[in-house]
Each structure stands twice: as C-alpha cells, then as structure tokens.
Amino acid sequence: MNQNPLRTMGQQFSRRSWAEPWKIKMVEPIHTTTKEERERAIREAGYNTFLLRSEDVYIDLLTDSGTNAMSDRQWAGIMLGDEAYAGSRNFYRLEATMQKYYGYRHLVPTHQGRGAEHLISKVAIQPGQYVPGNMYFTTTRLHQELAGGIFQDVIIDEAHDPGNLHPFKGNVDIAKLDAVLKKAGGAQNIAYISVAGTVNMAGGQPISMANIRDVRAWCDKHGVRFFLDVTRLAENAFFIQEREQGYRNKSIREIVKEFCSYTDGAWMSAKKDALVNIGGWLAVNDDTLFDNLRNLVVVYEGLHTYGGMAGRDMEAVAIGIEESMEDDHMRARIGQVYYLGELLLNWNIPIVQPIGGHGIFLNAKKIYEHIPQNQFPAQMLAAQLYLDSGIRSMERGIVSAGRDPETGDHRYPKLDLVRLTIPRRVYTQAHMDVVAEAVKYVYDNRASTRGLTMVYEPRDLRFFQARFEPVA
Ligand code: F0G
C-alpha cells in the first residue's frame, strides 16, 4: 500500500465525512455518447481534446479555468453591473476587494490572466533580461519570451519528480537563483522573479511561506523585483494551513494576505480561484510601474476602469474573491480533488504526489512506458480517456512544453502528464467515481495502446490546436 505521509493529512476528511458548504439550485443537463460517436469525434478533433466540441463531452475535466459554478450571490451581482464606459461602480468594488484580500495598492483590470501577463511582461522586461520562475506556465512564459525575456526555471528539483513527496514542490531553489544571477552578470540583467502559487505544471503544487520569505530576502539583497501569479493562491494557502508549522490556526484569508505582502505585485486569472467564467487583473505597489501599466492597458485591453471586462464581470469577480477565501469552501474544493486522487492511489495508478490543488495529474510517461516521449504518450492517454467514457482531460507534457526557441527542437520535459482538472462547485462525488473507474479501465488496457504522430503544428502554444494521428 501507499506510504505517502501526506495522504494521512487527508484524514481530516476521512475521519468524519465532509460535505460541500452549498446546495444545488440550478442544473445543466449533460449526456453520454456512444462509442462510435466518440471514435468519430476524437478522430475529427485530431486526437486533441481542445478540438472536441463540448456537446460531445460527458464529464469535462479539461480545465478549472472559467468552468466554475457561480453562486446565487454572484448571479445577483451580475444584475448590479454598472456598464458605464468609465468609472463603473463595479470597478471600485473590485479594487477595494483586491486591496482588502491581496493587499496591493493599485489595480489594473484585464480581460483574463494572459492579458495581465502581456502587460507586465511588456512593461517590466527589457530584451535580453532573464526572468527566473518556479517551473513555467505556458502563457506566462510565452509573454515573457515575446517581450524579449529569457525564462529560467528555478524550481526545486523535487518538482520534476512525480513521485517525490516533498510537501512544497512549488518552492524556489535559492541556489538556482544565485546561478541565474551569475549567468546574467548582475541583477540589472534580471527583469524580475516570477513565481506562481500553486504551480500548475508541477501538478498544482504549493510554495511554502518560509520559501516566499527567503525569495523576498534574496530580492532585497540584490535589488530585484518580485511578482506573483495569484491565480490559485487561495488553494496554495490551504496547503500552507495544512502543512506548514505555525499556520494551522490561521485562516486562508490571513495566509493569502501575508503571502502577498512579500511581493511587489501580482497578476491573476480570476477564472480559477475567484469562481467566475471570465476576468483577470494585475496589481502593483509601485506608482511609476502603475502609471506605465495604465498607459498600456488602454492600448491592449480597455479603459483602466474595465480592462476588457463588463461591469457585471467585475462584480462577479469581487464576490468570487470573497467566497474563494472561505475556509469551508476551500476544504470542500480540495477535499474533492483528494477524493478522486485517493481512489486512484488505492488502485496503484501512477499520479503526481502529493495530490495537488486543482486536479489529479496522471503520470503518462509511467503508464505508457512503451510509448516514446516523441510519440506523445500523454496526448494519447487523454484521447483514450475520452474514447472510453467521454471524459475530457488535458495533455500537460511534451506537446504543452513546445519547442526550444534556440534549437527549434521539442523541449523534453521530465513530467509528461494528463491533467484531470476539477472545476469548482460543478461536479459531484458520483462524477468522481465515474472518472476514477474510467481511468482504471484505460490503465488496465495500457499494453495495447500505441503512440501518435503530429500532423499539424501551430507556431505558438501548439497544444491548443495541434493535430495527431495514431502511429502506423
Ligand atoms: N497563470 C496560471 C497559473 C494559469 O493556470 C493560467 C491559465 C494563466 C496564468 C493564464 O490565465 O487563462 O485567464 O489567460 N490556466 C488555464 C489552465 C488556461 O487550464 O490551466 P488565462
């Protein structure tokens, strides 16, 4: 049996049953498809789950982004949208909410997370400067590279090992920061430190408060700015509460506020933690930086008091931020992820451990040991899950990693994963049982599965639109 000490931390869930702190007021029908229909659909989609029609999907675990169920309070807030072009009431509410919960001084609204990434990258990176980050996120790194930055991974080695049980696999390795500083030939050649909590590509793994303090100290010592991706920071705070000495009795709210206090600014895709379907923002403390960002937001996103969001969207984000910081919400949210993960671990199916915040990450490299990495094992695993039962998941491996801008070769990441991402407040425990059984079926039939060849490859963020065929 599994000896993972962190699994026992889930016992706060298993000792007595927990349940969601909400009940269902409205439902959306979903339907199953036949095997023949799924075979046709995945073939037409070029074996890429991004190219499936949502109507052909039964349980949609493609992403937790924008797929959340809003509360009755959020829907009521939608009716309070002040759709003025300038100075919408909802903007001021969002600004005050961001200041209260995250603690930064200035807010720049954006249409979603990558809008914010675009602006901060353009303003804060000079071509040729290094941008160290804790692993990478696809859109984050691309915007840094498009601005002329050179991304450098400074996450601890443990993060690249799916079986390693380090409780904070999102942590930054300070020695790697020192190495980047040396390579850069001085702090003036480092744009800023770019850290995300939790780390999506590592499997939703958290950073510890101790580590963020160490990074702050390093930045102070060398005079480097420090920006944070707070897309799933409330989830990160849950893990700090669960695992880090001294935080057991602190609330998610208190932990988030302290965490942000060690950084100079942040960006957020509100489509995750903040429980909405669209929205994002950027926040900074520095007045000059804010000025530059406010100049750019009107070029690329919209006026500085809406940034691409409708007034009603900003209202829903503000309410969603409040709800995301409730301890009982977060316990049920991550409790559901744990529930699915524990089912799979009990069947010895290889997943990334410890179980992360927003989904279960299947170790495709291990499951399909016989499929070489350049035949896209995770892409095929996602296709097989869809074929078996209409469950949609996402490749997070060699396809997502893209090509090295210098050599033009595939990047060969150590992690080749399939992400079963759990939308917030959307599916029930029974859906999780169905998912687990589908994974088990595909796992049990792994030996007869072959790899894929890529027959169409887009230049940027290729995973979204690439097409594949089974190898002959
Ligand atoms: N940062 C992180 C950590 C993300 O996970 C995402 C999006 C973004 C930034 C970009 O935000 O989508 O609003 O433009 N992640 C989605 C996902 C797409 O499925 O993980 P966005």
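Scope of this entry: the structure provided in the associated data block. The numbering scheme is per chain: residues are counted from 1 as the chain's sequence reads. Predicted model: local features are reported for residues with pLDDT of at least 70 only, side-chain atom pairs are reported and counted for 80 or more only, and whole-chain, interface and lining totals are derived from all residues. For the side-chain quantities, the full set of heavy atoms in the structure was used; hydrogens and water were omitted.

On to the environment of E20. In this text, helices come from DSSP runs of H or I with a minimum length of four residues, and strands from runs of E with a minimum of two, each type numbered from the N-terminal end. With respect to the helices and strands, the residue E20 is situated in the loop between α1 (11-14) and α2 (35-44). Residue E20 is classed as partly exposed on the basis of its relative accessible area of 26%. Sequence spacing of E20 and M432 is 412 residues, and the spatial spacing of their C-alpha atoms is 14 Å. Partly exposed describes any residue whose relative accessible area lies between the buried limit of under 20% and the exposed limit of over 50%, with all areas from a 1.4 Å probe on protein chains only and scaled to the type maximum.

Moving on, we get to the layout of surface pockets. Residues are said to line a cavity or pocket when one of their atoms sits within 4 Å of a point; the points come from a 1 Å grid over protein atoms alone, cavities being sets where a 1.4 Å probe fits but cannot get out and pockets being open sets with protein on both sides within 12 Å along at least five of seven lines. Grid points are joined across faces, edges and corners, and a volume is the space filled by probe spheres set on the points. Volume-wise, the largest pocket comes out at about 1,400 Å³. Mapped onto the lining of the largest pocket, the elements with two or more residues apiece are β1 (59-60), α3 (72-78) and α13 (327-346). Here the lining of the largest pocket gets 3 residues from one element, more than from any other, and that element is α3. Any residue that is not Ala, Val, Leu, Ile, Met, Phe, Trp, Tyr, Cys, Pro, Asp, Glu, Lys or Arg is counted as polar, Gly included; the first ten are nonpolar and the last four charged. Residues that form the lining of the largest pocket fall into these classes: 17 nonpolar, 10 polar and 11 charged. Domain start and end points were adopted from an automatic or database domain assignment. Both domain 1 (11-60 + 327-470) and domain 2 (72-324) contribute no fewer than three residues apiece to the lining of the largest pocket. Estimates place the volume of the second largest pocket at around 970 Å³.

Taken as a whole, this structure holds 2 cavities of 30 Å³ or more when the rule is applied. When its volume is computed, the largest cavity comes out at roughly 90 Å³. Taken together, E20, P21, W22, H329, A332, R333, Q336, P423, R424, R425 and Y427 make up the full set of residues lining the largest cavity. Considering only residue class, the lining of the largest cavity consists of 5 nonpolar, 2 polar and 4 charged.

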